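Structural overview
Chain residues, written in single-letter form:
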Amino acid sequence: LFLYALWFYGYGKGKLKKVGEAFIAGGCIVGGAAFLIVPATSLMMHPIFHYLSFHSMLFHSAMVIMGFALLLRNAVALDKNTFLYFGAYVSVASLVAIILNLITSSNLMLLAFPLNLPFEFINRIAARIPALYTVGLYLVYLLIPYSVALVLQKIISKYKKASD
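Residues numbered from 1 in each chain as written. Predicted model: local features only at pLDDT ≥ 70, side-chain atom pairs only at ≥ 80, totals over all residues. Heavy atoms only, no water.

Description of the packing of helix 4 (residues 51-72) against helix 7 (residues 130-163)
Between helix 4 and helix 7, the least distance of the axes is 10 Å, while the angle of their chain directions is 45°. Here helix 4 lies oblique to helix 7, going by the angle between them. The way helix 4 lies across helix 7 gives a crossing that is right-handed. Contacts between helix 4 and helix 7 involve F68, L71 and L72 on the former and, on the latter, A149, L152, Q153, I156 and K160. For the contact of helix 4 with helix 7, a count of residues per class yields 6 nonpolar, 1 polar and 1 charged. (Axes fitted to C-alpha atoms, helices over the stretch in contact; angles between N-to-C directions. Helix = DSSP H or I, 4+ residues; strand = E, 2+ residues; numbered from the N terminus. Parallel < 35°, antiparallel > 145°, perpendicular 65-115°, else oblique. Left-handed = near helix turned anticlockwise from the far one by under 90°. Contact = heavy atoms within 4.5 Å. Nonpolar A, V, L, I, M, F, W, Y, C, P; charged D, E, K, R; others polar.)

So, in structure tokens, the structure goes:
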């Protein structure tokens, strides 16, 4: 998702650019940090010194850095309109991932089943009611990253005002 959002932000115009801004500022900090803190995907499949592990660490670190860069520069105002762009992007990506997961038996965006998560209750929910797990994770993707980014934006703006 990050790569498409970068293209939208860098080369898009109008609404497409706003979609990229919204996702990078509203979702990438938490998404990248979550992977770096709980590396449940590629780092569990490959040795730490494998090129895919380095790629994943670099990629997810870039997500965090780009998200903070937009917030620190006040390049994006996280508000209701920005949330609508963010929500549309996450919703379309989730819908595509769910359809592809059903067709190919894959686990894009981890929406089909949890992968090496340290939270046993989530594994139990996914095993008993897979649709509940998918909807719950979609809501987490939709609400948590943007909410955290909103709090970070308020902290950053408060800090900038205090230092002026």
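Some details on helix 2 (residues 15-37)
For helix 2, built from 23 residues, the straight-helix expectation of 33 Å at 1.5 Å per residue is met to within 8% by its first-to-last C-alpha distance of 32 Å. At G27, helix 2 is deflected by roughly 50°, the largest bend along its length. (Expected span 1.5 Å × (residues − 1). Bend = angle between axes of the 7 residues up to and from the residue.)

Observations concerning the nonpolar core
In this structure, F23, I24 and L78 are the most contacted members of the largest nonpolar core, which totals 22 residues. Elements represented by at least two residues in this core include exactly helix 1 (2-11), helix 2, helix 4, helix 5 (80-104) and helix 7. Of the residues forming this core, the biggest block, 7 residues, is contributed by helix 2. Beyond its immediate stretch of four places on either side in the chain, F23 contacts L1, F2, A5, C28, F86, Y89 and V90. The next biggest cluster of nonpolar side chains, apart from the first, holds 5 residues, and it includes L111, A126, Y133 and L137. (Core = buried A, V, L, I, M, F, W, Y, C linked by side-chain atoms within 4.5 Å. Buried < 20%, exposed > 50% of the residue type's maximum accessible area, 1.4 Å probe, protein only.)

Here's the deal with the packing of aromatic side chains
In this description, an aromatic ring pair is defined by two values, namely the gap between the centres and the angle between the planes. Following the criterion strictly, the structure yields 9 aromatic pairs and no others. For the ring pair W7 and Y11, a centre distance of 4.8 Å and an interplane angle of 35° mean the geometry is tilted. You can see W7 and its partner Y11 sitting in helix 1, 4 residues apart, about one turn around the helix. With centroids separated by 6.3 Å and ring planes inclined at 35°, the aromatic side chains of F83 and F86 adopt a geometry described as tilted. Of this pair, F83 and F86 both sit in helix 5, separated by 3 residues, roughly a single helical turn. Given a relative accessible area of 26%, F83 falls into the partly exposed group. Here the aromatic residues F8, F23, F83, F86, Y89 and Y146 are joined through ring pairs into a cluster of three or more. (Phe/Tyr/Trp six-rings, centres within 6.5 Å; stacked < 30°, edge-to-face > 60°.)

Thoughts on the confidence of the model for the protein chain
Of the residues in the protein chain, 98% reach a pLDDT of 70 or more, and the chain-wide mean stands at 92. Across the protein chain, the element-wise mean pLDDT spans from 68 in helix 3 (residues 42-45) up to 97 in helix 5. (pLDDT = per-residue confidence, 0-100.)

What about unusual backbone geometry?
At N74, a residue that is not glycine, the phi angle is positive and equals roughly 55°. If you trace the backbone, N74 turns up in the loop between helix 4 and helix 5. The phi dihedral of L110 falls on the positive side, at around 60°, and the residue is not glycine. The residue L110 is located in the loop between helix 5 and helix 6 (120-128) in this model.

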